[in-house]
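Notes for the structure review
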Amino acid sequence: MDLFGTAGIRGGVEDRVTPSLALAVGRAVGAAIRDRADESSPDPTAVLARDGRVTGPALAAATEAGLSAGGVAVRRAGQLPTPALAHASQGRYGVMLTASHNPPTDNGIKLFRDGVEFDRELERAVESRVADEASVAPWDEWTAATRVDPLGDYLDHVREYAAGFGAALDGLRVAVDCGNGMSAPATPTVLRELGADVVTLNGNVDGHFPGRGSKPTPETLADLRAFVADANEGVENPGRPADEEATDGGDGEAGEADGFAFGIGHDGDADRIVIVDADGEVVHEDTVLAVLAERYTRASDAADPVVVTTPNASGRIDERVRDAGGRVERVRLGALHEGIAAVRAESAADTRVVFAAEPWKHIHVASGGWIDGVASAAVIARLVADEGLAALRAPVTERPYRKVSVDCPDDAKEPAMDRLETALPEAFPDAAVDTDHGVRLEFDDASWTLVRPSGTEPYVRVYAESDDVDELVAEVEGVVEAAVAAA
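These figures come from a predicted structure and were not determined experimentally.

The subject of this paragraph is the sheet that holds strand β17 (residues 432-434). Strand order in the open sheet made by the five strands is β16-β20-β19-β18-β17, with antiparallel pairing throughout. Edge positions in the sheet fall to β16 (401-407) and β17, since each of these pairs with one other strand and no more. Each strand axis lies, on average, 15° off the axis of its neighbour in the sheet, ignoring direction. Note: strand β19 (residues 448-453) against strand β20 (residues 459-465), six bridges, orientation antiparallel. Bridged to Thr449 within β20 is Ala464.

Dropping the structure here:
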């Protein structure tokens, strides 16, 4: 049984992530916790939360029933951003009901142990117990849930952590598109507490996502982009308060800012972040990753600072980390936590993971072991206040980059990828080949391409970075389409 994709369990609520499955997963988690209980294990308690989807309450009720009958003490947290649930799971377990950026017809289950997503071993343990219809705990070990509210502690944590970067916001004006998701009670609050002047779009939580699609893309963020660009038209220094002398003769009060320094877009559960510049253009996700990776590397006092990322991430990340004195390790998509653990387990004492990220999703390792779009928003805002977004981006070489999706039914993914392990090297005989995480080809001119199956949708993904990216993508896409057709 393959329940878990690259980001937990996810799918349509009418045929996959049903209340029956949620009940079974809750019971299986309880059995897995009981079986693994020892002195080194976290507290056998699970914090249960959900995002704003309309199907969340029913799935939460079913999950709670399974956990309680499995002998797990449940702490019911209601609606939370996923990073807030992860923060609350430190020292215990966590269950988050979310489909992240998927449409409102979907939902999902994401599991945490001590602030970190379940690794493959734990996921397999849950899968096997679901398949075997794990038994409930003895009747006198069933539990009754209690209510908790961990959001405030999480927001305090993010604010205190971000204060160690950059400069005070002091009225920096930022536009935040919450997408009717769970960033609404988090990102605007943290930025305001740090001193920003925040304007929100789609700032109410609504599981129908009426304002825009939950996945933040250049297309779905069109309103945010236009809002920022229009507000900044003709503004010399957008988003920054004027100095005292220019505005009020120096009586000690700075003037209000015009326009916006930048914009932020989040997905449904606030683990993803997209940055929009003062012109209303989306900053490439790998450029954002490269900026943060370089900062964490330069700030580290480790002799061997390491940034963990994924095979689809740009070579610009390697360039900036290398220039800062660090190195990059790659791990399969959706497994940043496993990559962090692997580096820590296999490396010398002078090696330290300083940052881990895949496009749009960042783990601020010194803050915690979870993906955190709210922390990213706060840290980036402090860096922008200190230097400006343009200056942060300036050292990053932004080669043309494209990602396309080739239709592929789920049952055709494995045979198609088997064919591509041979077909792609044959089509590009001069490329260096890596098949650890899909098929990645690297060329002498620093171009590269990656082909991998989506873990959540019926596609094979093609990623490419090259000065001739359209030509490279067209050639690779043709090979992929042929492999899918023959699968």
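Let us keep going from here.
Moving on, we come to the layout of surface pockets. Estimated volume of the largest pocket: approximately 1300 Å³. What lines the largest pocket is a set of 37 residues, and nearest its centre among them are Phe4, Gly5, Pro453, Ser454 and Gly455. Counting only elements with at least two residues in the lining of the largest pocket, the list comes to α4 (120-131), α11 (336-346), α14 (410-427) and β19. Of the residues contributing to the lining of the largest pocket, the split by class is eight nonpolar, 11 polar and 18 charged. Empty space within the second largest pocket amounts to approximately 380 Å³. What lines the second largest pocket is a set of 18 residues, among which Arg113, Val116, Glu117, Asp119 and Ala341 lie closest to the centre. Only β6 (116-117) and α11 provide two or more residues apiece to the lining of the second largest pocket. Of all the elements, α11 adds the most residues to the lining of the second largest pocket, at five residues. Across the lining of the second largest pocket, the residue classes break down as seven nonpolar, four polar and seven charged. A domain split of the lining of the second largest pocket shows at least three residues from each of domain 1 (9-149) and domain 3 (285-394).

What follows covers the nonpolar core. As a rule of thumb, soluble globular proteins bury nonpolar side chains together. Judged by nonpolar contacts, the single largest core of 65 residues is most densely connected at Leu191, Phe262, Ile264, Ile275 and Phe355. When residues in this core are grouped by element, the largest group, 10 residues, is from helix α12 (residues 373-387). With 28 residues, the next largest nonpolar core counts Ala24, Leu97, Leu111 and Phe118 among its residues.

On to a negative patch on the surface. A cluster of acidic side chains, namely Asp430, Asp444, Asp445, Asp467, Asp468, Glu471 and Glu475, defines a negative patch on the protein surface. With respect to the helices and strands, the residue Glu475 is situated in helix α15 (residues 469-486).

Assigned domains within the protein chain: domain 1 (9-149), domain 2 (164-244 + 257-280), domain 3 (285-394) and domain 4 (401-486). Between the C-alpha centres of domain 1 and domain 3 there is a distance of 29 Å. Between domain 1 and domain 3, the contact holds 10 residues from the first and seven residues from the second. For the pair domain 1 and domain 3, the summed buried area comes to about 820 Å², and 62% of that belongs to carbon and sulfur atoms. Among the residues of domain 1 in contact with domain 3, Pro83, Glu117 and Arg120 are the three that bury the most area, contributing 52% of the side total.

Let's shift gears to the UniProt feature "domain: Alpha-D-phosphohexomutase C-terminal" (unreviewed entry) in the protein chain. Using the residue numbers shown here, the UniProt feature "domain: Alpha-D-phosphohexomutase C-terminal" (unreviewed entry) corresponds to residues 422-476. Along residues 422-476, the helical share is 25% and the strand share 36%, with 13 Å between the first and last C-alpha atoms.

The next point concerns α12. The terminal C-alpha atoms of α12 lie 21 Å apart, and with 15 residues this matches the ideal 21 Å at 1.5 Å per residue to within 8%. Along α12, 13 of the 15 residues are buried, which leaves the element largely enclosed by surrounding structure. Just downstream of α12 lies Gly388, where phi reads positive at about 95°.

Let us look at the UniProt feature "domain: Alpha-D-phosphohexomutase alpha/beta/alpha" (unreviewed entry) in the protein chain. As recorded in UniProt, the feature "domain: Alpha-D-phosphohexomutase alpha/beta/alpha" (unreviewed entry) lies at residues 2-134 and 153-231. Helix makes up 34% of residues 153-231 and strand 13%, with an end-to-end C-alpha separation of 34 Å.

What follows covers the side chain of His364. Summarising the element assignment, His364 is placed in the loop between β15 (361-363) and α12. If we ignore the near neighbours within four places in the chain, the residues touching His364 are Tyr161, Leu292, Tyr296, Phe355, Trp370, Asp372, Ala375, Ser376 and Val379.

Glancing now at the confidence of the model for the protein chain. For the protein chain, per-residue confidence averages 93 on the pLDDT scale, and 97% of positions sit at 70 or higher. Every residue in residues 244-252 scores below 50 in pLDDT, and together they form 11 contacts with partners more than four places removed in sequence or on other chains.

What follows concerns the packing of aromatic side chains. Two descriptors summarise a pair of aromatic rings, namely the distance from one centre to the other and the angle between the planes of the rings. Using the criterion set out here, one finds seven aromatic pairs in the structure. Ring geometry for Phe165 against Tyr296: centres 5.6 Å apart, planes inclined by 70°, an arrangement best described as edge-to-face. Remark: Tyr296 occurs in helix α9 (residues 285-299) and Phe165 occurs in the loop between α5 (151-162) and β8 (173-177); sequence separation between them is 131 residues. Across the pair, exposure class does not vary: Phe165 and Tyr296 are buried alike. The interplanar angle of 40° and the centroid separation of 5.3 Å between the aromatic rings of Phe227 and Phe260 together place this pair among those described as tilted. Highlighted residues: Phe227 in helix α7 (residues 222-232) and Phe260 in the loop between α8 (244-248) and β10 (262-266), separated in sequence by 33 residues. The exposure class assigned to Phe227 is partly exposed, which follows from its relative accessible area of 33%. Accessibility expressed as a relative area gives 1% for Phe260, which makes it buried. Here the aromatic residues Tyr161, Phe165, Tyr296 and Phe355 are joined through ring pairs into a cluster of three or more.

The rules behind each value
- All residue numbers here refer to positions counted from 1 along the written sequence of the relevant chain.
- Note on the predicted model: pLDDT of at least 70 is required for a residue's local features to be given, and 80 or more for side-chain atom pairs to be given and counted; whole-chain, interface and lining totals, by contrast, use all residues.
- In computing side-chain values, all of the structure's heavy atoms are included and hydrogens and water are not.
- When DSSP finds two or more bridges between a pair of strands, those strands are recorded as paired.
- Strands are runs of DSSP state E lasting at least two residues, helices are runs of H or I lasting at least four, and both sets are numbered from the N terminus onward.
- All axes here are fitted lines through C-alpha atoms, helices being fitted over the stretch that makes contact, and every angle between N-to-C directions spans 0 to 180 degrees.
- Think of a 1 Å grid over the protein atoms and nothing else: a 1.4 Å probe that fits but is trapped marks a cavity, an open set flanked by protein within 12 Å on at least five of seven lines marks a pocket, and residues with an atom within 4 Å of a point count as lining.
- Grid points are joined across faces, edges and corners, and a volume is the space filled by probe spheres set on the points.
- Residue classes follow a fixed rule: Ala, Val, Leu, Ile, Met, Phe, Trp, Tyr, Cys and Pro count as nonpolar, while Asp, Glu, Lys and Arg count as charged, and any other residue, Gly among them, counts as polar.
- Domain limits in this description derive from either an automatic procedure or a database domain assignment.
- Here, the term nonpolar core denotes a set of buried Ala, Val, Leu, Ile, Met, Phe, Trp, Tyr and Cys residues that are joined through side-chain atoms within 4.5 Å.
- Burial classification: accessible surface area is computed with a 1.4 Å probe over protein chains only, and a residue below 20% of its type maximum counts as buried, one above 50% as exposed, and the rest as partly exposed.
- Note on patches: the residues involved have over 30% relative accessible area and no salt bridge, like charges join within 9 Å, and the nonpolar side chains Val, Leu, Ile, Met, Phe, Trp and Tyr join within 5 Å.
- Using a 1.4 Å probe, the Shrake-Rupley method yields the accessible areas, and only the shown protein chains count as cover for residues.
- Salt bridge, as used here, is a side-chain nitrogen of Lys or Arg placed within 4 Å of a carboxyl oxygen of Asp or Glu.
- Charged residues are defined narrowly, with Lys and Arg counted positive, Asp and Glu counted negative, and His plus the chain ends left uncounted.
- For this purpose, a charge sits on NZ of Lys, CZ of Arg, CG of Asp or CD of Glu.
- Residue contacts are defined here by distance: any two heavy atoms, one from each residue, within 4.5 Å place the two residues in contact.
- Once two parts are brought into contact, the accessible area they lose, counted with a 1.4 Å probe and summed over both, makes up the buried area.
- UniProt positions are given in the numbering used here, feature names are shortened, and annotations may be inferred rather than shown by experiment.
- One less than the number of residues in a helix, times 1.5 Å, gives the span that helix is expected to have.
- Each residue carries a pLDDT score, the predictor's own confidence in it, on a scale running from 0 to 100.
- Within 6.5 Å between ring centres, the rings of Phe, Tyr and Trp (the latter by its six-membered ring) count as paired, and their orientation is classed by plane angle as stacked under 30 degrees, edge-to-face over 60, tilted in between.

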